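# Observations on the model geometry
Each chain, written out:
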Amino acid sequence: MAASILSYSKYVKLLGCFRNNQIFSVTSKRSIMATRPRLEKVLETLQKNPYYEKYSQKIAKLQQTSPEEFLERVSENERKIQEEKEIPALSQSVNLSRTIFSTLCQQNRFQREICRNYSSSTRNNKYITTPIFYVNDVPHIGHLYTAALADTIARFNSMLGYETILSTGTDEHGMKVERAALKNKLPTDKYCDKISLSFKSMCDTFNIEYYDFIRTTENRHREAVHHFWNRLYERGHIYSGKYSGWYCVSDEAFLSNDEIIEKKNDKGELVKVSLESGHLVEWYEEENFKFRLSAFQDDLKHWLKNENAVRPEKFYKILSNWVNEGSVFQDLSISRPKNRVSWGIQTPNDDTQNIYVWFDALINYLTILGYPNEKYKQFWPPSIQVIGKDILKFHGIFWPSFLIAAGYEPPETLLCHSHWTVEGEKMSKSNMNVVSPFDAASQYSPEGLRYFLLRNSVTYKDSNFCENTVRLNLNADLADNLGNLVRRCTGDIINPSKEIPNPKLFSNVLKSEKALELKRNLESLKLTAEKNYESLNIHHTVDAVMTTLHSANQMFDYHKPWTLRKNISDPKIANELKAVISLSLESARISALVLHPIIPKMTSDLLDFLQVPRENRTWQDTIPIYMETLSNDDRHYIKDCKFFEKIRIAKK
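Residues numbered from 1 in each chain as written. Predicted model: local features only at pLDDT ≥ 70, side-chain atom pairs only at ≥ 80, totals over all residues. Heavy atoms only, no water.

Within strand β17 (residues 384–388), five of the five residues are buried, which leaves it mostly tucked inside the rest of the structure. With burial as the criterion, each face of β17 is covered, one bearing Ile384, Val386 and Gly388 and the other bearing Gln385 and Ile387. Where strand β3 (residues 125–129) lies against β17, two bridges are found, and the strand directions are parallel. Bridge pairing links Thr129 to Gln385 in β17. Where β17 lies against strand β18 (residues 414–417), four bridges are found, and the strand directions are parallel. Opposite Gln385, over in β18, you have Leu414 as the bridge partner. A crossover links β17 with its parallel partner β18, the connecting element being helix α15 (residues 392–406), and its sense is right-handed. (Buried < 20%, exposed > 50% of the residue type's maximum accessible area, 1.4 Å probe, protein only. Helix = DSSP H or I, 4+ residues; strand = E, 2+ residues; numbered from the N terminus. Pairing = 2+ DSSP bridges. Right-handed = clockwise from strand over helix to strand, strands pointing away.)

Turning our eyes to something else, we now look at unusual backbone geometry. Cis geometry marks the peptide bond from Arg311 to Pro312, where omega comes out at 0 degrees. Cis peptide bonds are those with omega within 30 degrees of zero, and the linkage from Tyr371 to Pro372 qualifies with 10 degrees. Mapping Pro372 onto the fold places it in the loop between α14 (364–367) and β17. Here the phi dihedral of Met432 falls at roughly 55 degrees; this positive angle occurs in a residue that is not glycine. Along the chain, the position of Met432 falls in the loop between β20 (425–426) and α16 (437–444).

Pairing is mixed across the open sheet formed by three strands, whose spatial order is β20-β19-β21. Edge positions in the sheet fall to β20 and β21 (463–465), since each has one partner strand and no second. Sheet topology places strand β19 (residues 420–422) next to β20; two bridges connect them, and they run antiparallel. Bridge pairing in β20 links Val422 to Glu425.

What follows covers the nonpolar core. Of all hydrophobic cores here, the largest spans 157 residues; its most connected members are Phe228, Val310, Ile334, Trp380 and Phe465. At twelve residues, the largest contribution of residues to this core is made by helix α23 (residues 571–595). Among all residues touching Val310, those that are not within four sequence positions of it are Trp303, Leu304, Phe315, Tyr316, Leu319, Leu392 and Leu414. In this structure, Cys248, Leu255, Ile260 and Val281 belong to the second largest nonpolar core, which totals five residues. (Core = buried A, V, L, I, M, F, W, Y, C linked by side-chain atoms within 4.5 Å. Contact = heavy atoms within 4.5 Å.)

Below, the discussion takes up helix α12 (residues 313–325). Here α12 is 13 residues long and its end C-alpha atoms lie 18 Å apart, about the 18 Å a rise of 1.5 Å per residue gives. Two residues or fewer past α12, Gly326 is found with a positive phi of approximately 90 degrees. (Expected span 1.5 Å × (residues − 1).)

Between its first and last C-alpha, α15 extends 21 Å over 15 residues, near the 21 Å set by a 1.5 Å rise per residue. Remark: the principal bend of α15, roughly 25 degrees, maps to Phe398, with a proline, Pro400, within the next four residues. Taking burial as the measure, the 15 residues of α15 include 15 buried ones, the bulk of the element. Directly after α15, the chain includes Gly407, whose backbone phi takes a positive value near 90 degrees. (Bend = angle between axes of the 7 residues up to and from the residue.)

So yeah, pure geometry; function would need other evidence.
Written out as structure tokens, the structure is:
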């Protein structure tokens, strides 16, 4: 019997290891009559827990009960967990030893801070978001890039077969919006209506296929924000207190002294500005509500153990440094006196305060899913949230902290991108170089502008908008490399009947190295493009497509189909001609499918032109037809289509 007895005091001591290696003890000398394997397994599970060190002392304190009752409650809790059918599967990497922690913590407030559910399992639903756009001004190409990038990711996931939704919308509260409305001599609500409509029009014009367009002035959003606020308040994460500090209206944020610098303004006066944005700051002292952000440094460290939590690596490292250094974890002011910021959502428990615009705005990602209705869980947490680098702190510090405090899972991935310059200079009103997406679209077409922004950007550094580069790219890539290939294959000189021969019937006719190289490119394009889409390197996907199309044009020129056409009476030459046409158009078909998430309207037009059925436009269809077991009819014919009128970008 002695071998099956483990000292309860020894067991509790082992639970109490701190980072400084100190051991605490308890006075109880009772023993747990249980099998050693069971207890050792419990101990081993706890020691692997990422929150073990943080909460070991609190856990031990809660164990001032009989060992028999303790194990009995563990067993009972195991049974209850098995019966829970609506709770999503827990991540194996962050299980948190739920069996024991839940039992121990039922008695006190620490339950809400320990029981985390971080899911890493593969899901059939994908939720992609843009940030909601602030209505202090009309859209520019930076806003369009964000929306197009998120839309591209969503469309790719849809082609893979996932049920995918994309959210976007406008952020309409705060002092900056009030001041913008006053400057434009409009009532604040009318001003918001006008600017929000311009962002919605941008999404519609550029084929951003959103599931829902949210406005933070909607009643459904106010209800969601109140529910979320009350949840945090009830869990003890919100308290009232006095706050004083430097406030930046343009950034809608309080800043620490380390985030402030002094510089001279245009009048030569010494003023204080934000170190990061350069915007003016003002000193405020006020009573408001605060969120216990200081309690969540360890939680965010754990979240960031997954390096895919923030991408690309540059911004992952920036956020990790903030979290590890810890200076950002000061309790956060999350309300403003209504007499100072009147345009906002009132706090549920104080009619003199309005909710801080960033707390309000971030909840939009839940509102769109129907929160607080339980149906939001079908798509939660977000798969990828696309943001600009200027709002990394809000989405990388505040947002996951709010969610963890409420007991919800943080986003799987934040995709943080850099900004756009114009002709090498920062885009700003003072430089008078802000590029309107609507003006640019009138010159380059909506699809052309989408293509350029996604083709010529990398997320980890700023990209440059140059009009001459836009024209060169669009003409070289879309008009010449893609469009001209299709035009020549279907022109009257080479293919007067507009026939599209089945590639499967002619795949082995061409023996030239140019043809074999093209087939190698086609056969590897699916996996190459898929890898680059999934790694969020959109420009590399385009590179792979253009390499394939360049190879197709080289093959076409090598076999000289215009010469083959002159000797069409020879069956061998006729087959060679059909092989050139079929392989070239197969290259165009696959390229259009791969590029579809990037330029959906143009590629849809091309696929219509090539008579590709709607049901054959999935990612699986990017495999060359000649590699498939099944094949289409021997041949089909192109109907009249004005596709080529849309593809060339005229030079000045």
